[in-house]
Amino acid sequence: MTSGQQLSFPRQYARTQRFTLGAPRAFTVSPDGSRVVFLRSASGTDRTNRLWVLDLDDGSGTARERIAADPEDLMAGTPEELSAEERARRERSREGSAGIVGYATDGAAELAAFALSGRLFTAELRAGTSRELPVPGPVIDPRPSPDGRHIAYVAEGTLRVTGAEGDGDRALAAPEDGRTTYGLAEFIAAEEMARSRGFWWSPESDRLLVARVDGADVQRWWIADPAHPDREPAAIAYPSAGTPNADVRLFLIGLDGSRTEVVWDRARSPYLAAVHWSSAGEPLLLVQERDQRAQRCLSVDTESGETRLLHEETDPAWLELVSGVPALTPGGELVRVVDIPDGESGADTDNGGTGRESGSGSGGDGTGAGHGARVLFVGDRALTGPELQLRSVLDIGERDVLVSAAAGVAAESPETGQIHVYRVPYGDGGHEPAIGIGGGDEAGEAAPWGPERVSEGVGVHTAVRVGGVTVMASARPDVSGTLVRVLREGKQLAVVNSFAQQPNLTPRVQLTEGGAHRIPCAVLLPTAYQESDGPLPVLLDPYGGPHGQRVLAAHNPYLTSQWFADQGFAVVVADGRGSPGRSPGWEKAVKDNLALTLDDQIEALEALAERFPLDRSRVAIRGWSYGGYLAGLAALRRPDVFHAAIAGAPVTDWRLYDTHYTERYLGDPATAAEVYAANSLVTDDGLSRPANPARPLMIIHGLADDNVVMTHTLRLSSALLSAGRPHEVLPLTGVTHMTPQEQIAENLLLLQVDFLKRSLGMT
């Protein structure tokens, strides 16, 4: 038995950062198919990532791994120091590791650039050598030009460029004042739009598209550290619902110093959601209106900066952003993913040729049937239908598109918790598929060129592909961690080693559906449970809201749930309406009614109690972030069902959460005050719609949280106290929305079990 296995699960879980340390990630495939670049730390407890190269054609006949850059050598043992901007970037991406946490390569994947402690480093990936370039810092987000001759980066809000040899460093765009930056993503883009970058190289390497962010009108909030009263509070620019966002503009900036503003109707569409610039054509922008019910795909004239409308979409609820689109095929056709109502092909192009579409809204019967489809388009051709629920576009080839998708409402099997990789052909030798939502004829008959599943076996799969080489990452329910295979034209060339630790417990999970809405569920019983043991106290363990799927056909997502089960609980994880993976209508059913997500947790509980040993006289719920909100909602509004709750970092007043997320679901608080009050736990008048009796509630919150700020918990606690409702508050000094510190993460699990057992009479 190894030392890792001798640890308790809470300590092992914390020390390994949820068993992510030592696992390979962040893959890049070279265009010539000769190597794969990735990050990985040296062991399952080592936080320091190194840059690795897997040579596929080194002449030996076998693939070989080697280190391209080692932070310990480059930093000569000096401790890592992060700027406030870099800490904020890592918080947005939920990055808890150290060393090389991100990198970018040139077009040939021969040169990589990365930052360590705010210093700029490069690695020659063929030679395996790395070095520091002497430039001003602290360096953020360095990116080589496609030709490998230059590296652009941001320092102190200034976009700078240097030669790949460290020569000719200069500023390309400097901020006009202390609240303006060039080349960085604003808070909302990084936190809610999955856009973490603020500049993009041209394919010719002669200029860049650069975001200018002016945060002057964004309100400032102050986060203090009560444990260190001698330190000044940190100011954060936080646009809460209904308040001004940062003003985002875009410029074409040449290496020769030229500067041209990109012009679009920013008053109408203020959100810059995505940028795509490839050799296939002009740059593409995806811009959204503030209420996210309309978005426009624009092309950019790189000489004048003028934009042209390529496509416009509208939706009565909101438009979901999909990773990987918009983009262009190598032949210049527009690739997009669209939510289509039932019975429509989505090929309506009567808007002056721009292809206006109306989305699915939130109708249907609530089961996901009659809820439309999230469809892949190339040009005006719909290539998928309701059999698949598109999750992201992974790669666009000469003749096909590689996508991530789950089973849609018209699939033969629900494939609960599974996510697969599909190859979707879009043309062959001049032959174009017929227009139709099912990728076949108007009757929806599947055509022989339709989507082809390329991932194998039950699990959660994703991929990176360049040319004929694919890196396939597969997490399965019966094996810990993720298996990463390198394939060439479907044939396995290598397996990328994982150094992640093996957990010292194995989930005993049963995937199923529950209730009239066929809610995806996972049920976990104690490892040693026998039928003669009788009904068990129940612990619901959801996230339960938008963008957070918890019911997955994989092993590691259930480790903590199984540990709680082994403490004597039947644990239920349910993904009700609002969560991703089934249909657009399933996700959009929560429009103006986030509290609906609690109804689905109760429906799943009631249905599962008919098939599993659940003691409904002892039911608790725990959750973090949205799950924390859900737990608080359960304790306050449904004490007839729930007898205890643990709310971690909960949103308690939706007026205090950010613009892009909150207004998508609840609208503008200035015109929807009643909607906000109905969906919040607290209002200016106290608790929102509380019911009796009062149930035990533990609230946990990090004092340094800049996403769901501590104010949420303080206001809830004050309202509970005013109402005479006992509760416990656990403030975490120096902790953000993540809890990466080993000792804190371990003790949080132990304290929660103690609270639950006390509250449910199990001690």
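Cut-offs used in this document
Residues numbered from 1 in each chain as written. Predicted model: local features only at pLDDT ≥ 70, side-chain atom pairs only at ≥ 80, totals over all residues. Heavy atoms only, no water. Helix = DSSP H or I, 4+ residues; strand = E, 2+ residues; numbered from the N terminus. Rg over C-alpha atoms; globule rule 2.2 N^0.38 Å. Areas by Shrake-Rupley, 256 points an atom, 1.4 Å probe, with all protein chains shown as cover. Lys, Arg positive; Asp, Glu negative; His and termini not counted. Charge placed at Lys NZ, Arg CZ, Asp CG, Glu CD. Phe/Tyr/Trp six-rings, centres within 6.5 Å; stacked < 30°, edge-to-face > 60°. Lys NZ or Arg CZ within 6 Å of the ring centre and 35° of its normal. pLDDT = per-residue confidence, 0-100. Contact = heavy atoms within 4.5 Å. Expected span 1.5 Å × (residues − 1). Buried < 20%, exposed > 50% of the residue type's maximum accessible area, 1.4 Å probe, protein only. Pairing = 2+ DSSP bridges. Axes fitted to C-alpha atoms, helices over the stretch in contact; angles between N-to-C directions. Core = buried A, V, L, I, M, F, W, Y, C linked by side-chain atoms within 4.5 Å.

Visitor: Sorry if this is basic, but what is going on with the overall build of the protein chain here?
Guide: Helix and strand counts for the protein chain stand at 13 helices and 47 strands. Since a compact globule built from 763 residues should have a radius of gyration of about 27 Å, the 26 Å found for the protein chain is in line with a globular shape. The principal-axis extents of the C-alpha atoms in the protein chain amount to approximately 70 × 65 × 60 Å. Summing over all exposed atoms, the protein chain offers an accessible surface of approximately 29,000 Å²; the carbon and sulfur share of this is 48%. Counting 71 positive and 103 negative side-chain charges, the protein chain places the centres of these two groups 4 Å from one another.

Visitor: It is not clear to me how the packing of aromatic side chains should be interpreted in this structure. Could you clarify?
Guide: What characterises a pair of aromatic rings is the spacing of the ring centres plus the angle enclosed by the ring planes. With the rule as written, the count across this model stands at 21 aromatic pairs. Members of the aromatic cluster, connected to one another through ring pairs, are Trp318, Tyr543, Tyr626, Tyr629, Trp654, Tyr657, Tyr661 and Tyr665. Taking the ring centre of Phe251 as reference, the NZ or CZ of Arg259 above it sits at 4.3 Å. Geometry around Trp586 places Arg582 over its ring, the cationic atom sitting 4.2 Å from the centre.

Visitor: Explanation requested: the confidence of the model for the protein chain in the structure shown.
Guide: Where the model shows low pLDDT, its predicted coordinates should not be examined in detail. Averaged over every residue, the pLDDT of the protein chain is 92; the share at 70 or more is 92%. Low pLDDT, under 50, characterises residues 1-5; the predicted model gives this stretch five contacts beyond four residues in sequence or across chains. In this model, residues 347-353 is a region of pLDDT below 50 whose contacts with residues beyond four sequence positions or in other chains number nine contacts.

Visitor: Is there a simple way to explain helix 9 (residues 626-637) in this structure?
Guide: Across its twelve residues, helix 9 extends 16 Å between first and last C-alpha, which sits within 8% of the 16 Å expected from 1.5 Å per residue. Of all twelve residues making up helix 9, twelve are buried, and the element is well covered by its neighbours. Those residues of helix 9 that sit buried are Tyr626, Gly627, Gly628, Tyr629, Leu630, Ala631, Gly632, Leu633, Ala634, Ala635, Leu636 and Arg637.

Visitor: Please clarify how the pairing of strand 19 (residues 247-254) should be interpreted in this entry.
Guide: Consecutive residues of a regular strand have side chains that alternate between opposite faces of the sheet. Burial runs high along strand 19: six of the eight residues are buried. Strand direction decides the pairing type here: strand 16 (residues 207-214) and strand 19, joined by eight bridges, are antiparallel. Bridge assignment links Arg207 to a residue of strand 19, and that residue is Gly254. Relative to strand 20 (residues 259-262), strand 19 runs antiparallel, the two sharing four bridges. Counted as the bridge partner of Phe251 is Glu261 from strand 20. Counting the residues in the hairpin turn of strand 19 and strand 20 gives four residues, including Gly257, whose phi is positive at 95°.

Visitor: Mind showing me how you'd approach the sheet that holds strand 47 (residues 728-732) here?
Guide: Sheet strands line up and pair through hydrogen bonds in the backbone, either parallel or antiparallel. Read across the sheet, eight strands follow the order 38-39-41-40-42-43-46-47 without closing on themselves; strand pairing throughout is mixed. With one partner strand each, in any of the chains shown, strand 38 (509-514) and strand 47 form the two edges of the open sheet. Neighbour to neighbour, the strand axes of the sheet diverge by 20° on average, direction disregarded. Bridge count between strand 40 (residues 536-540) and strand 42 (residues 614-624): five bridges; the pairing is parallel. The residue of strand 42 that forms the bridge with Leu536 is Leu614. Where helix 8 (residues 596-608) meets the sheet, it contacts strand 38, strand 39 (519-524), strand 40, strand 41 (570-574) and strand 42, and its direction lies at approximately 55° from that of strand 39. Lying on the sheet, helix 12 (residues 711-722) is in contact with strand 46 (697-702) and strand 47; it crosses strand 46 at an angle near 155°.

Visitor: Teacher, can you tell me more about unusual backbone geometry here?
Guide: Apart from glycine, the bulk of residues carry a negative phi angle, and the bulk of peptide bonds sit in the trans form. Here Gly137 and Pro138 are connected by a cis peptide whose omega angle stands at -5°. As for its placement among the helices and strands, Pro138 is situated in the loop between strand 9 (129-133) and strand 10 (139-144). Cis geometry is adopted by the peptide bond preceding Pro693, which originates at Asn692 and carries an omega value of 0°. Mapped onto the elements of the fold, Pro693 is located in the loop between strand 45 (686-687) and strand 46. Phi at Ala26 takes a positive value of approximately 55°, unusual for a residue other than glycine. Relative to the assigned elements, Ala26 resides in strand 1 (residues 25-29).

Visitor: Mind showing me how you'd approach the sheet that holds strand 29 (residues 381-382) here?
Guide: Overall, antiparallel pairing links the four strands, which are arranged 25-26-28-29 in an open sheet. Only two strands of the sheet have a single neighbouring strand rather than two, namely strand 25 (327-328) and strand 29. As paired elements, strand 28 (residues 373-378) and strand 29 share two bridges and run antiparallel to each other. In the sheet register, Phe377 faces strand 29, and the bridge partner there is Ala382.

Visitor: When you look at the pairing of strand 16 in this model, what are you seeing that I'm missing?
Guide: Counting buried positions along strand 16 yields eight of eight residues, so the element is predominantly enclosed. With burial as the criterion, each face of strand 16 is covered, one bearing Arg207, Leu209, Ala211 and Val213 and the other bearing Leu208, Val210, Arg212 and Asp214. Taken together, the three bridges between strand 14 (residues 180-182) and strand 16 define a ladder with antiparallel strand orientation. Considered in strand 16, the bridge of Thr181 is made with Val213. The pairing of strand 15 (residues 199-201) with strand 16 spans three bridges and is classified as antiparallel. Residue pairing in the sheet places Trp201 in a bridge with Leu208 of strand 16. Counting the residues in the hairpin turn of strand 15 and strand 16 gives five residues, including Ser205, whose phi is positive at 65°.

Visitor: Just checking my understanding: could you explain the nonpolar core for this structure?
Guide: Generally speaking, a soluble globular protein has its nonpolar side chains buried in company with each other. Counting residues in each nonpolar core, the largest one holds 71 residues, and the members touching the most others are Phe642, Trp654 and Leu716. Element by element, the count of residues in this core is highest for helix 9, at eight residues. With near-sequence residues (within four places) excluded, Phe642 lies in contact with Leu540, Leu598, Ile602, Val619, Ala620, Ile621, Ala634 and Arg695. The next biggest cluster of nonpolar side chains, apart from the first, holds 29 residues, and it includes Tyr13, Leu539, Tyr558 and Phe755.

Visitor: Would you take a moment to explain helix 8 for this structure?
Guide: Residues spaced three or four apart along an α-helix point in a common direction, a consequence of the helix completing one turn every 3.6 residues. With 13 residues, helix 8 extends 19 Å between its outermost C-alpha atoms, agreeing within 8% with the 18 Å of an ideal straight helix rising 1.5 Å per residue. Among the 13 residues in helix 8, eleven count as buried, and that is most of the element. Residues of helix 8 that are buried include every one of Leu596, Thr597, Leu598, Asp600, Gln601, Ile602, Glu603, Ala604, Leu605, Ala607 and Leu608, and no others. The secondary structure elements touched by the buried residues of helix 8 are strand 38, strand 39, strand 40, strand 41, strand 42 and helix 9.

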